[in-house]
Each structure stands twice: as structure tokens, then as C-alpha cells.
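Chain and residue survey
The lines below spell out each chain.
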Amino acid sequence: MEGQREKDRGRKKNGKVMMTGAALFNWSETQRMIEISMEMYQRGYQIVFLGEGKYDFLLQDKPFIREKLCADQMWYHKERIEKMLDMDHVGSEYAKMQEIEKVVAEEISLIKRYQPAVILTGYRMTLSVSARIMKVKIVWCLSAVLSAPYFEKNMERFQDFEENRKRKKESRLLFREARALCEDALAYAKMVQECTTVKEWNDCLERYGAKHFRCNIEIYRGDLNLMSDARELFSQIKERQGEYEFIGPIFNSQKIEMPLEVREIQNNPERKRKKKILISLGSAGRKEVFCQVLEAMRKFDFEFFISVIGMLSQEEMVDYPENFHFYEKFPLIEIAQICDAAIIQGGQGTLYAVAAGRCPFLAFPTTYEQRHNTENMIRFRKCGKILYSYERKIKQIEEAFSELIENPEYQREIELIHQIIEGYLCDSKRRAEKRAADAIEKLIAQRADVSGRINEEKSIID
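The paragraphs below set out a description of the structure included in this document. (Residues numbered from 1 in each chain as written. Predicted model: local features only at pLDDT ≥ 70, side-chain atom pairs only at ≥ 80, totals over all residues. Heavy atoms only, no water.)

Quick word on the overall build of the protein
Along the backbone of the protein there are 20 helices and 13 strands. In terms of overall size, the protein behaves like a compact globule, its C-alpha atoms giving a radius of gyration of 23 Å where 462 residues would be expected to give roughly 23 Å. By sequence separation, contacts in the protein at least 24 residues apart represent 66% of the contacts at least 6 residues apart. In the structure as shown, the protein presents an accessible area of about 21,600 Å², 48% of it carried by carbon and sulfur atoms. (Helix = DSSP H or I, 4+ residues; strand = E, 2+ residues; numbered from the N terminus. Rg over C-alpha atoms; globule rule 2.2 N^0.38 Å. Contact = heavy atoms within 4.5 Å. Areas by Shrake-Rupley, 256 points an atom, 1.4 Å probe, with all protein chains shown as cover.)

Below is the structure:
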């Protein structure tokens, strides 16, 4: 233990400190921050991991310095978390300036104490403010569909649609596609052209004499923005080296045991012949959607492996038939490999896991990000189906699910997606955590180079 403390002191002395802030109420976001932080730790960086929350246990055995902020008790309550997850409607308008300032003041104190070379988040939005005040480089890691280049490309698609409509050119867009384009145009206007939901955040920046956010999306934008997606699936947008860079999908390295019951089903010849379906609607899923999906599945004589992640109580699970197998969590890629289809929300981690497992999917996106994660993959290859919120009736769910199961095209197409994703899983040089760490170290080196030149110029002047 003493030897480890000595190593950490050495890392800090050499300026090799990275501060990480995750959304600890979200499993996937927390896991992504852990994976990149572990890679940086293995490269000799001291990791200062901020905060605590529902998925705190994921950090229990990690060699990080933990800093739990008093202000987080006030900040992360149920109502605010629900608003944070509803970015489409709320944006960043879920806190008063005084509340933001309480969290920021503690973060600034920690930044002063540890003097990190860089800050990593995805997402702890108060760090965007603290990093700006303290003039520390910040790296955001999010889905490519939340990047400025993706918003801009969507706006171009809408403008083409509008131009064709005005010229009365034939349009073969279905209602759902036209509606999606209009929603994208509104999202672009709200995120890129307006500065409405960051007003309280800008008031806090002004108190410290720091530069304002110029638009709503800027609070999610860092000095470097890592897009944790497969580059091959996003040919429509260009990387901006040193600003927006693809690193590939980040897969969960945490060991999750396969439930014994699943193995027993696989070893039973009669039950093995039945189709097997994964239902995983994410740690931030909505219970009403979850229950609606379960209700629609009652008519199918399949084996359903259902990840509840706290959505149902033991008493509620009793009401479902014996072919519904409820567990908190599954090893997603492994379970997807034995399933014939998956029902998901469209969160990035689950989407890539089921694709890696060659499992076609039916998606029920509830947010802009989930919709675009799934739409973008399906545009690339017809490997799944989407039901939007206005289409979610029991009959429509049953029909969409039946088509997914019965049409072999979906399985053929997910195989092609799998071939792309397999490279990120199997080739150590292409691992997302490695690419992320390479990009972060490059950013740190650039900062050190600039600081060195400034010091050299001062020396010459003196």
C-alpha cells in the first residue's frame, strides 16, 4: 500500500494527473469513463475520480483516488437526474446558478489541489464550467450523434428535403422519416443556434470572469471530443483532428457472470430449440416502456432473458409467465450471441454489444441520442427495426417483433455490422480506450509544448 502511495505521489509530481467525472447514475457512461481512466492509469497517470452514485460499486477495486463532493448530495437527486436524462426537452435548464456554483466551487478546490493535466468527462457537466474557469483542458467522450458535425449534417439533410418540397419534386419520404427530419431541424436550432438553456451556467461563468458558452451544445463540447463510435458507420461526417475524433465503441470489461439458468436452458435440448430473446432497456430506461414491451411479449412462446436493472420489484416479476427470466444484468455480448433477437432502447453500449453478438434488434428509443444511434446503424445496414413513441401500441409492437424474427434479412445484415465491430473487439491496436488515451496524451503534449514556448519567451525577455 505504501509503495502504491509513493507511485501516486510520483505521478502527481511529474504532472501526470487526470481528473475524471462520470454520470454515476448511468451504468454505461460510468463504465466508459472507467475504461479510459484505466488505460491512462496504466500509462502512468494518477486518476482522480469525482463523485458517487448508484453505480459506485463499479469503482470499488479500481486504483483511483476517489473524491466525493458534499455538493453532490444536493445535486444528484431523483428529479434532477430525470431532467438530465431528458435533454431533448430540458436541455441544461435544470439548475439555478447558486446550485451550479456550489458544485463548481468544490470542483475548483479539487482542481487546485491536484492540478490535473487534463479533465475527462462524459458526462459531468459542471466540469465544463470548472475547467473553463481554471483554464484546464477538458475532454468529452460521447456518442458521435451528439457532436456538432452530426447536428450540422442532419440540418443539411433537412434543408435538402425542404428544397425538394418547395420545388415540388417527388418525395418518397414516409411520414415517420419526414417527421424525424423536422425534429432534427428543431434539435439543430435549439442546440447549435440558441443559447437559452445554458443561461444559469453562463451566469456562474460570469461570476468568475470566465468566457461564456456561445450556444447550448457548447456545454457538452471540450477542447477535444472523443466520439465512441465505429468510424465506418458514420461516413456522412468528417473528423476534425484535434477537435472531434472517432475512437471506436467502448466495450465493458467488467466481468458479469452468466446466470446458471441460462446455461441450463442451453443444455436442455427441448428448450434450446426455442427462440431466445434479450430484453435490455438500459439503466436509464423508462418503466412504462419496459412494462409495455413485456406485455406485448406475453403471446410469444420464446425464452425471454430480461435485464431489469432495478425497474421491477420481486413482487412485480411474479406476475409474468415462466418463460420470462429476470436478472439484474447479463454479460451482454455473450447473451446476445445465443439470442435470436434483442429488444433495446438504443443506448450506445447496449447497441454495440448486441451487434457484436450478431443479434438483430427492435429499438424503442426515448431520447434524441437513442433514436440517432439506432437510425444511423439501420441506415448503414437494415439490421433492426425502430418503433417511435407515437407508434407504441401493443399490436404494433407485436407486428414489428414478428417481422424481425421471421425475416432472415435482419440476421444477414447484422452479420455485416458484426464484421466491422469485431475489429474493435479483437485487435488490441484498435481498442477504443487505447485510441482515446493516445488522443488525450497528444492534447496534453500540445499544452506542455505551448507552456514551454511561453516560458522560453519569458526567459529571453528577462
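Considering the layout of surface pockets
In this model, the second largest pocket occupies a volume close to 570 Å³. D88, H89, E183, Y368 and R371 are, among the 23 residues lining the second largest pocket, the residues nearest its centre. Going through the elements one at a time, helix 5 (87–90), helix 9 (175–193) and helix 17 (368–380) are the ones with two or more residues in the lining of the second largest pocket. In terms of residues, the lining of the second largest pocket owes the most to one element, helix 9, which gives eight residues. (1 Å grid on protein atoms, 1.4 Å probe; cavity = no way out; pocket = protein on both sides within 12 Å on 5 of 7 lines; lining within 4 Å. Points joined across faces, edges and corners; volume = space filled by probe spheres on them.)

Details of the sheet that holds strand 12 (residues 361–363)
Within a beta sheet, neighbouring strands are joined by backbone hydrogen bonds and run either parallel or antiparallel to one another. Spatial ordering of the open sheet is given by 10-9-8-11-12-13, a layout of six strands whose pairing is parallel. In this open sheet, the two edge strands, each paired with only one partner strand, are strand 10 (324–327) and strand 13 (384–386). Between one strand and the next, the sheet's axes are offset by a mean angle of 15°, whatever the strand orientation. As paired strands, strand 11 (residues 341–344) and strand 12 are joined by three bridges and run parallel to one another. Counted as the bridge partner of I344 is A363 from strand 12. Its contacts with the sheet place helix 16 (residues 348–356) against strand 8 (276–280), strand 11 and strand 12, and it is angled at close to 175° to strand 11. (Pairing = 2+ DSSP bridges. Axes fitted to C-alpha atoms, helices over the stretch in contact; angles between N-to-C directions.)

What about helix 7 (residues 126–134)?
Counting buried residues along helix 7, seven of its nine residues qualify, which places the element largely inside the surrounding structure. Among the residues making up helix 7, those that are buried are T126, L127, S128, V129, S130, A131 and I133. Looking one or two residues past helix 7, K135 carries a phi angle of roughly 60°, positive in sign. (Buried < 20%, exposed > 50% of the residue type's maximum accessible area, 1.4 Å probe, protein only.)

Considering the pattern of salt bridges
Taken as a whole and judged by the stated rule, the model has 40 salt bridges. Linking R43 and D438 is a salt bridge whose minimum nitrogen-to-oxygen distance equals 2.8 Å. One end of the pair, R43, is in the loop between helix 2 (27–42) and strand 2 (46–50); the other, D438, is in helix 20 (residues 432–461), with 395 residues separating them in the sequence. Taking the relative accessible area as the measure of exposure, D438 reaches 33% and is therefore partly exposed. The partner of E107 in a salt bridge is R124, and the shortest N-O contact between them spans 2.7 Å. Taken as a pair, E107 in helix 6 (residues 97–114) and R124 in the loop between strand 4 (118–121) and helix 7 lie far apart in primary sequence, 17 residues in all. Residue E107 is classed as buried on the basis of its relative accessible area, which comes to 0%. Salt bridges sharing partners connect three or more residues here, namely E39, R43, R431, E433, K434, D438 and E441. (Salt bridge = Lys/Arg side-chain N within 4 Å of Asp/Glu carboxyl O.)

Here we look at the packing of aromatic side chains
Here the structure, examined in full by the defined rule, presents 27 aromatic pairs. With a centroid separation of 6.0 Å and an interplanar angle of 85°, the aromatic rings of W75 and W201 are classed as edge-to-face. In this pair, W75 sits in helix 3 (residues 71–75) while W201 sits in helix 10 (residues 199–207), placing the two residues 126 residues apart along the sequence. Of the two residues, W75 and W201, neither departs from the other in class, the shared state being buried. Here Y150 and F234 contribute two aromatic rings whose centre-to-centre distance is 6.0 Å and whose plane-to-plane angle is 65°, an arrangement assigned as edge-to-face. With Y150 in helix 8 (residues 148–166) and F234 in the loop between strand 6 (224–227) and strand 7 (244–246), this residue pair connects regions lying 84 residues apart in the sequence. When its relative accessible area of 2% is taken as the criterion, F234 is described as buried. Chaining the aromatic ring pairs together yields one cluster made of F300, F302, F304, Y320, F324, F326 and F401. (Phe/Tyr/Trp six-rings, centres within 6.5 Å; stacked < 30°, edge-to-face > 60°.)

Topic: helix 17
For helix 17, spanning 13 residues, the distance from its first C-alpha to its last is 18 Å, which sits close to the expected 18 Å at 1.5 Å a residue. Counted residue by residue, helix 17 has ten buried out of 13 residues, so it is predominantly covered. The complete set of buried residues in helix 17 reads Y368, E369, Q370, R371, H372, N373, T374, E375, N376 and M377. (Expected span 1.5 Å × (residues − 1).)

What about the sheet that holds strand 5 (residues 138–142)?
In space, the seven strands of this open sheet follow the order 3-2-1-4-5-6-7, with parallel pairing throughout. Edge positions in the sheet fall to strand 3 (65–67) and strand 7, since each of these pairs with one other strand and no more. The sheet shows a mean angle of 25° between the axes of neighbouring strands, taken without regard to direction. Alignment of strand 4 against strand 5, held across three bridges, turns out to be parallel.

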